[in-house]
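Chain residues, written in single-letter form:
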Amino acid sequence: MVRRLVVVLLLAAPVFAQTKPKENPAPTQPPKAQNLIFGESDVIEGTLDQPDLGVTYGRPPPKFNSMIQVRMNFDDKLRDSVGKM
């Protein structure tokens, strides 16, 4: 009986162990802006870097038929509305 109790306590010891809480690293801040001042006699030469690949466009949006029928002649409706006034 005592042996069983000792074995259970030894096996249960890791359950009571506590881990250290993880420290949050300091938040990264963006680098500060650099101001470069060039004199009138300074010449700056360089090339413009652009992407090597062309622009690819996706599939064009689908065109659906309109479910609304547009009437071109409303004369009969206008005559009816004038008569109701």
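So, how was this worked out
Residues numbered from 1 in each chain as written. Predicted model: local features only at pLDDT ≥ 70, side-chain atom pairs only at ≥ 80, totals over all residues. Heavy atoms only, no water. Helix = DSSP H or I, 4+ residues; strand = E, 2+ residues; numbered from the N terminus. Rg over C-alpha atoms; globule rule 2.2 N^0.38 Å. Areas by Shrake-Rupley, 256 points an atom, 1.4 Å probe, with all protein chains shown as cover. Lys, Arg positive; Asp, Glu negative; His and termini not counted. Charge placed at Lys NZ, Arg CZ, Asp CG, Glu CD. Patch = residues over 30% accessible without salt bridge, like charges linked within 9 Å, V, L, I, M, F, W, Y side chains within 5 Å. Salt bridge = Lys/Arg side-chain N within 4 Å of Asp/Glu carboxyl O.

This part is about the overall build of the protein. On a plain count of helices and strands, the protein comes out with two helices and zero strands. Over its C-alpha trace the protein gives a radius of gyration of 40 Å, far above what one expects of a compact globule, namely 12 Å for 85 residues. For the C-alpha atoms alone, the extent of the protein along its principal axes is close to 105 × 75 × 35 Å. With an accessible surface of roughly 10,600 Å², the protein has 59% of that area assigned to carbon and sulfur atoms. Distance between charge centres in the protein, computed from 11 positive and 9 negative side chains, equals 27 Å.

Where nonpolar side chains cluster on the molecular surface, the patch consists of Met-1, Val-2, Val-6 and Leu-10 and spans about 490 Å² of accessible area. When you line up the elements, Val-6 lands in helix H1 (residues 2-12).

Bear in mind that shape data such as this cannot, by itself, settle questions of function.
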